[in-house]
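Chain by chain, the residues:
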Amino acid sequence: MTRSAAIYGCSGHRLTEDEKAFFAEVRPWGFIVFRRNVDSPDQMRALTDEMRDCVGDPDAPVLIDQEGGRVQRMGPPHWAKYPPAEAYLKATNDPLAARELARLGARLMAHDLKSAGVNVDCAPVLDVPVPGAHDIIGDRAYARDPATVAMLGRAAAEGLLAGGVLPVIKHMPGHGRAFADSHHDLPVVHADLKTLDGWDFAPFRALSDMPLAMTAHVVFDAVDPKRPATTSRKALKLMREGLGFGGLIMTDDLSMKALTGSLRERAEAALEAGCDVVLHCNGELGEMRQVAEGVGGLKGKAGKRAAAALARIVREVEPLDVFAARDRFDALMAGKVEAARGPDVGEAQA
C-alpha cells in the first residue's frame, strides 16, 4: 500500500489508540517528535517503535528538530546540551576549526538521536541573517556570510550522515532576510533576484546534493509576489532548476500562521506547487485529519525522491568513541559559548 505524502506529530509520550488507528489508516511517510513527546531513552525508543509499527515499516522516517541552543528537543538530564550554530565559529574564531567542531557536534547528536530511534534531523539551518532581520533565525545561523554558512552547514550535515541520521537543509530558499517570524506572520522579502541569488540562495545551491530540504514560509517578491515559497510553483521551480536541488522537499509546519486557508487547502496548495511531502507538527488529531483530506499517495517522482533519501541512511555508522568525542567537544567549547539569544523557538518550529 502506498504511503501518504505527509509527516505528522503526536500528542504525548506514547501514541493514543485514536492516533494509532489514524496513522494505520492514512499511513504517513513519516513522523516528527517535539519536546512534549520526549521523556527518557526507553520511552523514546518505545514511541518511535509504535510509530513505525503503525505503518508497518521499521525504517520509516522519524524526524526531530535538534539544532542545539534554542532548538533542542532532546536534552538534559538524559542527553547532552548542545550550543547554537553560531557558537562554533565564535568558539574557534577560525572557519576551518569551526568546521571540525560543527561536524563533531553533529556526529554526537546523531549518536543521541539514532539511539532513541530518530533517523532524521531537521538541521542544518542554511539561512544567512542580514542586519535588522527578525531574530527567529539569529544564533541558529552558523555565520553571517553565505560561504561560511555553506561550509559549516555541510560539516554538520556530514556529521549527521556519518552517524546514520539524514539531515534536512532549511529553510529553502532562505529565511535569513525575513523581517517577521513565520510562526506568527507572513514575511515578505523585497530584495532583487541578483541579491537573493548571491546571498540567500547560495548555501542551498552549495548543498543541493543533500537528501532532504524544508521550505520557507516566506514571500520573495522577485520570485512570486503572491505566494510564500511553500505554496509557490515559481519558487519550487527555482529550487529545482535554479538551485539544482534533486532531493525530497517537505514543507515547514502547515499550522504556522504565515499560511492561509484551511489545513486541507494548505496541504493541497503545497503539493500542487511541487512540494513532495507536507509537514504538520502540533499533534492535534482533528487538524491532522484535515491535512489528510488534502494529501494523496507518495508516488511518481516524489516517491522516487523519498526512496532515494532513505537510501542515504548508512547501515554501518562511522566508528565513534562517544566518551572521548564528547570530552574533546566539551574541551573545545568550554568557556566560549555565550548564552543563546533571541526568542525561544516553540513547539511549532520545524
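Since we're looking at a predicted model, the values are computed, not measured. (Residues numbered from 1 in each chain as written. Predicted model: local features only at pLDDT ≥ 70, side-chain atom pairs only at ≥ 80, totals over all residues. Heavy atoms only, no water.)

**A word on unusual backbone geometry**
Defined as follows: Numbering of helices and strands runs from the N terminus; a helix is a DSSP stretch of H or I covering at least four residues, while a strand is a stretch of E covering at least two.
A cis geometry characterises the amide bond from P76 onward to P77, with omega recorded as 10 degrees. Of the consecutive residues A123 and P124, the connecting peptide bond is found in the cis state with omega at 10 degrees. With respect to the helices and strands, P124 occurs in the loop between β6 (120-121) and α5 (146-162). In the Ramachandran plot, R27 falls in the positive-phi region, its phi being about 50 degrees despite a non-glycine side chain.

**With respect to the sheet that holds β6**
Picture the strands of a sheet paired through backbone hydrogen bonds; they go either parallel or antiparallel. For clarity, the threshold we go by: Strands are treated as partners if at least two bridges between them are detected by DSSP. The criterion used for residue contact is that any of the two residues' heavy atoms lie within 4.5 Å. Whenever a helix is involved, its axis is fitted only over the stretch in contact; in every case the axis is a line through C-alpha atoms, and angles between N-to-C directions fall within 0 to 180 degrees.
Reading around the circumference, β1-β2-β3-β6-β7-β9-β11-β12 is the order of the eight strands in this closed barrel, with parallel pairing throughout. Across three bridges, strand β7 (residues 166-172) lies against strand β9 (residues 212-215) in parallel orientation. The residue bridging V168 from the neighbouring strand is L212, located in β9. Each of β2 (28-33) and β3 (62-64) touches helix α2 (residues 41-55); the most contacted strand, β2, lies at about 165 degrees to it.

**Quick look at the pattern of salt bridges**
Selection rule: Definition used for salt bridges: Asp or Glu carboxyl oxygen within 4 Å of a side-chain nitrogen of Lys or Arg. Relative accessible area decides the class of each residue, using a 1.4 Å probe on protein chains only: under 20% of the type maximum gives buried, over 50% gives exposed, and in between gives partly exposed.
Scanning all chains against the criterion turns up 25 salt bridges. One salt bridge in this structure joins E50 and K20, with 3.7 Å as the shortest N-O distance. Here the residue E50 occupies a position in helix α2, and K20 occupies one in helix α1 (residues 17-26), the gap between them amounting to 30 residues. Residue classification places K20 among the partly exposed positions, given a relative accessible area of 27%. The salt bridge partner of R227 is D224, with a shortest N-O separation of 3.7 Å. Bridged by salt links that share partners, the residues D65, E67, R73, R140 and K170 form one connected network.

**What to know about the packing of α1 against α2**
Axes are the key here: two packed helices are described by the angle between their axes and the distance separating the axes. To keep things clear, this is the line we draw: Throughout this description, any angle smaller than 35 degrees is read as roughly parallel, any larger than 145 degrees as roughly antiparallel, any in the 65 to 115 degree range as roughly perpendicular, and the remainder as oblique. When residues are grouped by polarity, Ala, Val, Leu, Ile, Met, Phe, Trp, Tyr, Cys and Pro land in nonpolar, Asp, Glu, Lys and Arg in charged, and all others, Gly among them, in polar.
In contact at an axis separation of 7 Å, α1 and α2 are set at 40 degrees when each is read in the N-to-C sense. The angle between α1 and α2 falls in the class oblique. Of the residues in α2, those touching α1 at K20, F23 and A24 are E50, C54 and V55. Looking at the contact of α1 with α2 residue by residue, the class counts come to four nonpolar, no polar and two charged.

**A look at the packing of helix α4 (residues 95-115) against α5**
This is how it is decided: Throughout, a crossing is termed right-handed when the near helix is turned clockwise from the far one, and left-handed when it is turned anticlockwise from it by less than a right angle.
At a closest axis distance of 7 Å, the pairing of α4 and α5 adopts a crossing angle of 30 degrees. Classified by the angle between their axes, α4 and α5 sit roughly parallel to one another. Relative to α5, α4 is oriented so that their crossing is right-handed. Across the interface between the two elements, P95, L96, A98, R99, A102, R103, A106, R107 and A110 of α4 pack against M151, L152, A155, A156, E158, G159, L160 and A162 of α5. Among the residues forming the contact of α4 with α5, the class breakdown is twelve nonpolar, one polar and four charged.

**Notes on the environment of V120**
Tracing the chain through its elements places V120 in strand β6. Classification of V120 as buried rests on a relative accessible area of 1%. Sequence spacing of V120 and M74 is 46 residues, and the spatial spacing of their C-alpha atoms is 13 Å. Aside from chain neighbours lying at most four places away, what touches V120 is P61, V62, L63, I64, V165, L166, V168 and L212.

**As for the packing of aromatic side chains**
For clarity, the cut-off: Centres within 6.5 Å are what make two rings of Phe, Tyr or Trp a pair, Trp counting through its six-membered ring; a difference in plane orientation under 30 degrees is then read as stacked, over 60 as edge-to-face, and the rest as tilted.
In this structure the tally under the stated criterion is seven aromatic pairs. With 5.6 Å between their ring centres and 55 degrees between their planes, F22 and F23 make a pair best called tilted. An aromatic cluster of three or more residues is present, and its members are Y8, F22, F23 and F31.

**Here's the deal with the side chain of T148**
What counts is decided by this rule: Polar contacts here mean pairs of N or O atoms no more than 3.5 Å apart (in protein, one a potential hydrogen donor and the other a potential acceptor; neighbouring residues in sequence count only if both atoms are side-chain atoms).
Among the secondary structure elements, T148 is positioned in helix α5. With relative accessibility at 13%, the residue T148 sits in the buried group. At 2.9 Å, the side chain of T148 and the side chain of D145 are in polar contact. If near-sequence neighbours (up to four positions away) are discounted, T148 is found in contact with L89 and A143.

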